[in-house]
Amino acid sequence: MSKRKIENTNIEKKNQNINIIEKIFIIDNHIYFNGIIDDKNLLLLKSKINEYIVENGDTQNRVDSTVDLTNCIVIHINSVGGYIDSLINHIDIFSKTVKIVTIIENRVCDCGLLFAAISTRRYIKQQARVVIRGVYNNYWYLFRQCAVENINKFNENLIELFKVATNRKLKQDRILELIKTTQEFTPKNIKRLYFVDEII
């Protein structure tokens, strides 16, 4: 396996093993994304996807109904959340000429879930947990989403992203319920809410 660094971070070697401390790194066609959803991280991700396409050419066509995880780009995601505007600004990550699938690895929250759920094919590991926290004014958890005067627009964008992430199967009333209070979901529950396609 070839490992290519995405950003300058610390790597420690102990007894021939590499302990990876990076927030984002890539091994072959697998990208491991461990960070918040913000402009910096999504730009890094986008640049490395483009580099992969240049180096390897097109993989599976996006319209294929079957998924071969060896012949597409796989993004493994752990995220405490982030910024809705950043996700909207970089949503074209998933409009590439290659199939991009996502796997929720251990724990994703809020905006991290929406990010994982807008790809071509969505997976979640059996041990993973998803947290959707309540939105309070212009904050989603610790992340200030907008100026106070733009709250209405933020709420509109948030609801629209929830609809896109669930292929418009989740009704607006249910979305509003989800963002009122903090809840933790098992893979089975998050699949019932249409955020993922398969538990692995």
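The structure we're discussing is the one just above.
These figures come from a predicted structure and were not determined experimentally.

S.K.: So what exactly am I meant to see when it comes to the pattern of salt bridges here?
M.R.: A side chain with one charge may pair with a side chain of the opposite charge, provided their charged atoms come close. In this structure the tally under the stated criterion is nine salt bridges. Among the ionic pairs, Arg 121 bridges to Glu 198, the shortest N-O distance being 3.5 Å. With Arg 121 in strand β8 (residues 121-124) and Glu 198 in strand β14 (residues 198-199), this residue pair connects regions lying 77 residues apart in the sequence. Arg 121 sits in the partly exposed class, given a relative accessible area of 28%. Accessibility expressed as a relative area gives 32% for Glu 198, which makes it partly exposed.

S.K.: Is there a simple way to think about helix α4 (residues 151-165) in this case?
M.R.: The α-helix advances 3.6 residues per turn, and as a result positions three or four apart in sequence lie on the same side. The first and last C-alpha atoms of α4 sit 21 Å apart over 15 residues, in line with the 21 Å expected at 1.5 Å per residue. Every buried residue of α4 is accounted for by Ile 151, Phe 154, Leu 158, Ile 159, Leu 161, Phe 162 and Ala 165. Buried residues of α4 fall within an arc of 160° about the axis and therefore sit on the same side. Pointing more than 90 degrees away from the buried face of α4 are the exposed residues Asn 152 and Lys 153. Positive backbone phi, at 55°, marks Asn 167, one or two positions downstream of α4.

S.K.: For this particular structure, what's the right way to read the sheet that holds strand β12 (residues 143-144)?
M.R.: The strands making up a sheet associate through backbone hydrogen bonding, with each pair oriented either parallel or antiparallel. Judged by pairing direction, the sheet is antiparallel, and its three strands sit side by side in the order β10-β11-β12 without closing on themselves. Looking at which strands have only one partner, the edges of the open sheet turn out to be β10 (135-136) and β12. Across two bridges, the pairing between β10 and strand β11 (residues 139-140) is antiparallel. Pairing of Val 135 across the sheet is with Trp 140, part of β11.

S.K.: Would you mind showing me how to read the side chain of Gln 145 here?
M.R.: As for its placement among the helices and strands, Gln 145 is situated in the loop between β12 and α4. Reaching out from Gln 145, the side chain makes a polar contact with the backbone oxygen of Gly 82 at a distance of 2.9 Å. Within polar-contact distance, the side chain of Gln 145 engages the backbone nitrogen of Ile 84 at 2.9 Å. When residues no more than four places from it in sequence are discounted, the contact partners of Gln 145 are Gly 82, Tyr 83, Ile 84, Asp 85, Asn 138, Trp 140 and Phe 154.

Procedures and definitions
Once a new chain begins, its residue numbering starts again from 1 and follows that chain's sequence as written. In view of the model being predicted, local features appear only for residues whose pLDDT reaches at least 70, and side-chain atom pairs are presented and counted only at 80 or more, with totals across whole chains, interfaces and linings using the full set of residues. Working from all heavy atoms in the structure, the side-chain values ignore hydrogens and water. The working definition used for a salt bridge is a side-chain nitrogen of Lys or Arg within 4 Å of a carboxyl oxygen of Asp or Glu. Only DSSP runs of H or I reaching four residues or more are called helices, and only runs of E reaching two or more are called strands; each is numbered from the N terminus. Classification of residues uses two cut-offs on accessible area relative to the type maximum, computed with a 1.4 Å probe and protein chains only: under 20% is buried, over 50% is exposed, and between them is partly exposed. The span you would expect from a helix comes to 1.5 Å times its residue count less one. Throughout, the arc means that of the directions going from the helix axis to the C-beta atoms. Two strands qualify as a pair provided DSSP detects at least 2 bridges between them. Here a polar contact is recorded for every N or O atom pair within 3.5 Å, except that within protein the pair must consist of a potential hydrogen donor and a potential acceptor, and residues adjacent in sequence are included only if both atoms are side-chain atoms. Note on definitions: a residue-residue contact is assigned when non-hydrogen atoms from the two residues lie within 4.5 Å.

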